[in-house]
Structure formats: C-alpha cells, structure tokens
Amino acid sequence: MSTVTTPRPAGHRRLYEVGTFVHERVTLLQEKFLLEIGVRKEPAQGVLRSRLAREINAGATLANLRRGIGKKVGELPALWQITLEGLLEPDERVGDDPTPEEQAAYTAITLYALHQQSRREGMHQRGRGLGTAVATLARRTGNEAAVRRRFEALGTAESFPEVVHHARGLVTQLRGENIGLDYGLFADQLYWLQWPQRAGRVRLAWGREYYQTKEPDANQNDPSTPDTDTDNDSGDLS
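About the criteria used
- Residues numbered from 1 in each chain as written.
- Predicted model: local features only at pLDDT ≥ 70, side-chain atom pairs only at ≥ 80, totals over all residues.
- Heavy atoms only, no water.
- Helix = DSSP H or I, 4+ residues; strand = E, 2+ residues; numbered from the N terminus.
- Buried < 20%, exposed > 50% of the residue type's maximum accessible area, 1.4 Å probe, protein only.
- Contact = heavy atoms within 4.5 Å.
- Areas by Shrake-Rupley, 256 points an atom, 1.4 Å probe, with all protein chains shown as cover.
- pLDDT = per-residue confidence, 0-100.
- Axes fitted to C-alpha atoms, helices over the stretch in contact; angles between N-to-C directions.
- Parallel < 35°, antiparallel > 145°, perpendicular 65-115°, else oblique.
- Left-handed = near helix turned anticlockwise from the far one by under 90°.
- Nonpolar A, V, L, I, M, F, W, Y, C, P; charged D, E, K, R; others polar.
- Core = buried A, V, L, I, M, F, W, Y, C linked by side-chain atoms within 4.5 Å.
- Salt bridge = Lys/Arg side-chain N within 4 Å of Asp/Glu carboxyl O.

A. Representation of the overall build of the protein chain. In terms of helices and strands, the protein chain carries 10 helices and 0 strands. For the protein chain, with 238 residues in total, the buried portion stands at 49%. Pairs at least 24 residues apart make up 79% of the contacts formed inside the protein chain by residues separated by at least 6 positions. For the protein chain, the accessible area works out to roughly 11,200 Å², and carbon and sulfur atoms hold 46% of it.

Structure below.
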C-alpha cells in the first residue's frame, strides 16, 4: 500500500486500499451503532460477523474517536484497534511517524464519529462525495458564500493539520443539516492530498462536484439506508 499508483480516471468509482479499509470500518461502526440505539432491527448481511464487531461497543468507540480528532495517530491507545488493525502489512510500517495511509484513515474515521454524533441516521453514505455534500449544504443553509469560503479554505490548506481543521468545520455543518458523506472516498482523497503530484486531482474533483451539483438532492440515497457493499469496484479518487 505504500507505493504510489496513478489514480484511475473519473467515472471509475473504485475505492483504493485506504478507502476500502475506512469504508469497512465506518460501515461496521454505523451498523452496530444503529442496532444499539434501536434504529436497526437487523444488520446488513455479513457486516457484523467479524471479531472486531463482536468486541466493540459502537457508542463508546465513537465517543473515543471524537476525542481523537486532531490528535496524532497512535496517541490514544483506545483508538489503536479501530484505526490501525489491518491497515498496513508489517513490512509497510516504516519509521516512527504516521504513514500517509494512517493519517488518512485515522482522520476519516474520527471525523465520521463526529458526523454521526447525535444522529439516528447513518452519516456514512456511499457515493456522496465531499463536493456534492458541501453543495447541498450551501443550498440548505441559504448562505452559499460562507459555506464556499470554508470549502475553499479546505482546498487551499497547506498542511495536513490545516486540512483536518477545515474538514472538521465542514463535517460539523453537514451533521447539523443531516447530510451524509462517503467516508471511504473521502479517506482516499485525504491520502492523495498528501502527495503533491496528486493533490491537484483531489481539489479538481471537489470543485467539479461542487459546481455540478445544482439540482435539489431528492434523488440522492437516504443517509438512513447507506450502501454497505464492500466491493472494491465501487469508488474512485474523484
């Protein structure tokens, strides 16, 4: 996973390894949380059969994840299992600093926990990119200029902590308007943002989505019924 590969062209909605890992983690958390609060009667087929699903309490895990937002990867031992287990092979763990994969996965999963806070609908919504979600936010709030400024600040952020800061603000607003986000796709994009030769593609994807999302989002999938398909052939950088 540590080797940089060229992203596939837009239109091929495929998740990369980081995105797939995050999609599976947040789907597990989401399904188990909705079961715990009584919204779900039965989990999506196969989602909660893993050892991890049996070991965690989703509500408590989400609360711990929220406390980890903005902290260094690995700083909180309570988050090691949910954010690190299974992400990298042993020979890919090089050096003492977090890898780009770890940074991206940790950030996406902790922000998902913030997004899900106090919501009885699933906020991980497969297929809804950040630009689309923010465009919907701008329409619903009626304050497009302010939303766009925050979104542009995310796009021009020069450091990863700055990216996390602006993303956190947007996620808080999305939660307030009950607008879901594809956290697998978002994780892949956070990964590519850390590679200068690929970051421009992420920003272009966000801009395209934002300015091409003009119609009301009535046809979007309801966040309360997220797609839990873990097929790798269903997402893309853009």
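B. Representation of the confidence of the model for the protein chain in the model. Counting all residues, the mean pLDDT for the protein chain is 85, and 82% of those residues have values of 70 or more. Every residue in residues 2-12 is under pLDDT 50, and counting partners more than four places away or in other chains gives 26 contacts.

C. Region of interest: the packing of helix α7 (residues 144-155) against helix α8 (residues 160-176). α8 packs onto α7 with a crossing angle of 150° between their chain directions and a minimal axis gap of 8 Å. Accordingly, the angle class assigned to the pair α7 and α8 is roughly antiparallel. Helix-helix and strand crossings are classified by hand; for α7 and α8 the assignment is left-handed. Within the contact between the two elements, α7 uses V147, R150, F151, A153 and L154 and α8 uses V163, H166, A167, G169, L170 and Q173. Looking at side-chain class alone, the contact of α7 with α8 contains 7 nonpolar, 3 polar and 1 charged residues.

D. Representation of the nonpolar core within the structure. Counting residues in each nonpolar core, the largest one holds 61 residues, and the members touching the most others are V22, Y183 and F186. Excluding anything up to four places from it in sequence, V22 contacts A105, A108, I109, Y183, G184 and A187.

E. Focus on unusual backbone geometry. Unusually for a residue other than glycine, S118 sits at a positive phi of about 65°. With respect to the secondary-structure elements, S118 resides in the loop between α5 (100-116) and α6 (130-141). In this structure, N178 takes a positive phi of about 60° despite not being glycine. Position of N178 relative to the elements: it lies in the loop between α8 and α9 (183-193).

F. Fine view of the pattern of salt bridges. Here the structure, examined in full by the defined rule, presents 8 salt bridges. Among the ionic pairs, R51 bridges to E85, the shortest N-O distance being 2.4 Å. One end of the pair, R51, is in helix α2 (residues 51-55); the other, E85, is in the loop between α4 (80-84) and α5, and 34 residues separate them in sequence. Through salt bridges with shared partners, a single ionic network connects R51, E55 and E85.

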